[in-house]
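Chain residues, written in single-letter form:
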Number of protein chains: 2
Amino acid sequence: MPEYNPKFMQRAIELSRSGMNDGDGGPFGAVVVRAGEIIAEGNNRVLVDNDPTAHAEVTAIRRACQKLADFQLENCDVYTSCEPCPMCLGAIYWARPRAVYFANTKRDAAEIDFDDSFIYDEIAQPMDKRQIKFLHQPSDEARLVFEDWQSKLDRTEY
Amino acid sequence: MPEYNPKFMQRAIELSRSGMNDGDGGPFGAVVVRAGEIIAEGNNRVLVDNDPTAHAEVTAIRRACQKLADFQLENCDVYTSCEPCPMCLGAIYWARPRAVYFANTKRDAAEIDFDDSFIYDEIAQPMDKRQIKFLHQPSDEARLVFEDWQSKLDRTEY
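The model shown is predicted, which means the values in this text are computed figures rather than measured ones.

Rules and cut-offs
- Residues numbered from 1 in each chain as written.
- Chains lettered and ligands numbered in written order.
- Predicted model: local features only at pLDDT ≥ 70, side-chain atom pairs only at ≥ 80, totals over all residues.
- Heavy atoms only, no water.
- Helix = DSSP H or I, 4+ residues; strand = E, 2+ residues; numbered from the N terminus.
- Buried < 20%, exposed > 50% of the residue type's maximum accessible area, 1.4 Å probe, protein only.
- Contact = heavy atoms within 4.5 Å.
- Areas by Shrake-Rupley, 256 points an atom, 1.4 Å probe, with all protein chains shown as cover.
- Lys, Arg positive; Asp, Glu negative; His and termini not counted.
- Charge placed at Lys NZ, Arg CZ, Asp CG, Glu CD.
- Pairing = 2+ DSSP bridges.
- Axes fitted to C-alpha atoms, helices over the stretch in contact; angles between N-to-C directions.
- Buried area = accessible area lost by both parts, 1.4 Å probe.
- Salt bridge = Lys/Arg side-chain N within 4 Å of Asp/Glu carboxyl O.
- Polar contact = N/O pair within 3.5 Å; in protein donor to acceptor, adjacent residues only side chain to side chain.
- pLDDT = per-residue confidence, 0-100.
- Least-squares fit on C-alpha atoms with pLDDT ≥ 70 in both.

Here we look at the overall build of chain A
In step 1: Looking only at helices and strands, chain A has 7 helices and 5 strands in total.
In step 2: Along the first, second and third principal axes, the C-alpha set of chain A runs to 50 × 40 × 30 Å.
In step 3: Taking all 158 residues of chain A together, the buried fraction comes to 58%.
In step 4: Sequence separation of at least 24 residues holds for 48% of the intrachain contacts in chain A that already meet a minimum separation of 6.
In step 5: Here chain A displays about 6600 Å² of accessible surface, and carbon together with sulfur accounts for 44% of that area.
In step 6: Where the 18 positive side-chain charges of chain A centre and where its 27 negative ones centre are 2 Å apart.

Comments concerning the sheet that holds strand β5 (residues 133-136) of chain B
In step 1: An order of β2(A)-β1(A)-β3(A)-β4(A)-β5(B) is seen for the 5 strands of this open sheet, with the pairing classed as mixed. Edge positions in the sheet fall to β2 (37-43) of chain A together with β5 of chain B, since each has one partner strand and no second. Ignoring strand direction, the axes of neighbouring strands in this sheet form an average angle of 20 degrees.
In step 2: Where strand β3 (residues 76-82) of chain A and strand β4 (residues 99-104) of chain A come together, 5 bridges link them in parallel fashion.

Focus: the sheet that holds strand β4 (residues 99-104) of chain B
In step 1: Strand order in the open sheet formed by 5 strands is β5(A)-β4(B)-β3(B)-β1(B)-β2(B), with mixed pairing between adjacent strands. Of all strands in the sheet, those bounded by a partner on one side alone are β5 (133-136) of chain A together with β2 (37-43) of chain B. With strand direction ignored, the average angle separating the axes of adjacent strands in the sheet is 20 degrees.
In step 2: Alignment of strand β1 (residues 29-34) of chain B against β2(B), held across 6 bridges, turns out to be antiparallel. From the neighbouring strand, B:A30 faces β2(B), where its bridge partner is B:G42.
In step 3: On the sheet, helix α1 (residues 6-22) of chain B packs against β1, β2, β3 (76-82) and β4 of chain B and is oriented at approximately 150 degrees with respect to β1(B).
In step 4: Contacting β1, β2 and β3 of chain B, helix α3 (residues 56-68) of chain B crosses the sheet at an angle of about 140 degrees to β2(B).

Description of the interface of chain A and chain B
In step 1: Listed per partner, the contact involves 89 residues of chain A and 89 residues of chain B.
In step 2: Here chain A and chain B share an interface that buries about 8200 Å² over both sides, 66% of which is from carbon and sulfur atoms.
In step 3: With its nearest N and O atoms 2.9 Å apart, the salt bridge here joins B:D148 to A:R17.
In step 4: On inspection of chain A and its partner chain B, the count reaches 36 residue pairs in polar contact (both at pLDDT 80 or more).
In step 5: Pairing geometry for β4(A) and β5(B), over 4 bridges, is parallel. Within β5(B), the position partnered with A:Y101 by the bridge is B:L135.

Looking at the confidence of the model for chain A
In step 1: Across chain A, the average pLDDT comes to 95, with 98% of residues at or above 70.
In step 2: Interface confidence in the predicted complex, given as ipTM, is 0.95; pTM for the same model is 0.95.

Here's the deal with the side chain of B:T80
Residue and element names in this part refer to chain B.
In step 1: Tracing the chain through its elements places T80 in strand β3.
In step 2: For T80, the side chain forms a polar contact with the main-chain oxygen of G29, separated by 3.5 Å.
In step 3: A distance of 3.0 Å separates the side chain of T80 from the backbone oxygen of C82, its partner in a polar contact.
In step 4: Ignoring anything within four residues of it in the chain, the contact list for T80 reads M9, A12, G29, A30, E57, V100, Y101, F102 and A103.

Quick word on the pattern of salt bridges
Residue and element names in this part refer to chain B.
In step 1: This structure, assessed with the given rule, holds 20 salt bridges over all chains.
In step 2: Ionic pairing is found between R45 and D24, a salt bridge with its closest N-O pair at 3.7 Å. Separated by 21 residues along the polypeptide, R45 in the loop between β2 and α2 (46-49) and D24 in the loop between α1 and β1 bring together distant segments of the chain.
In step 3: We note a salt bridge from R98 to D77, for which the minimum N-O separation is 2.9 Å.

Description of the relation of the copies chain A and chain B
In step 1: Mapping chain A onto chain B calls for a screw motion: a turn of 180 degrees about the axis and a shift of 0.0 Å along it, with 0.0 Å RMSD after fitting. In short, the pair behaves as if placed about a two-fold rotation axis. Among all residues of chain A, the minimum C-alpha distance to the rotation axis is found for A:M87, at 1.9 Å.
In step 2: Interface overlap between copies: 100% of the residues of chain A at the interface are likewise at the interface in chain B, consistent with a symmetric, same-surface contact.

Quick look at the structure:
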C-alpha cells in the first residue's frame, strides 16, 4: 500500500481554491502522483471550458495520461480535494491508479449543492425509475460489431 | 417524452464500427441529437488519444457542449451503441440531456471483456472492499474552501 503524503493533498486543496477564485468552475482540485512527484494537476474547469466532464479528477487524469503517453496510470496515486463523483470514480477505474485519497466527502459536496450524492442514488435505481430515461433499443447490427471486435486479431486489449 | 428515431442509432452503430476499424479504441459510438438533428458525434478514442476518459459518450458530449457553448445539453438526446458505463452515466447526469437510447447492454460489453459491469459492482461496494483503495483524509482546509464557495456571491450555480 502506498503511503499518504499530506503535501500532495495540500496541493490538491490549493488547486480547488485557485480554480474557484479564477471562475474556472466548482471548488475542486486534484493531482496525480507517481514515484513521489506530482506528474499532473487539475481543477474543475466545467464553466471556463463549457465541458461538463472537466472535473478536477478527469482533468488531472487526462493530463497525466498525456504525460505518460499511456491510457493507464500504473503505480500512480490520485489526491483529490473531494470524494470523486460517479463519473470520476468511473474514470479512475478505467485509468487504474493504485489508490485515491480524498478530503471532503460526497455529503460535504451535497451540502454546497453539488449533485454527487444524487447521481450515486440514481445509479442504484432501476432504469425506469431514473430521472433521466435510459431506454434499451436492442440491435442485431450493434451486437455484430461486438462479435467482430472479439474476432479482431489485431485489437489492443484494455 | 422524445421519440426514438432508429436512424440516429444507426449512425451511432456506424461510428462504433468505423472507430474500431480505424484502431481508435473499443467498438463504441454515440451521437447527440437536438431538434431532429445530430449536433455531435463520437467514438471511443481511448487508444488513439491515450485518454481513458475518451469513451464515445464523453467524446460526443464534450463536442456537443463545445458546439452549443454551454455545459448543459438541454433538450438533447443521446444515442449510444452500448449502455453507458458508470463514467459515462455520470457525465450524462452532469450534462442533463432528456433521454439516452442504447443498443448493446453492459452484459454484452462484459462478454467482450469490457469492465463496465465490474465498475457498477465496485460502486456498490463499501470503500474498504473496493479493488482500488479510496481513503478518506479529512481536512479543515478543504472544508473551508467549500464554505467559501457557499459564501461566494458571484458564483455560477451548476
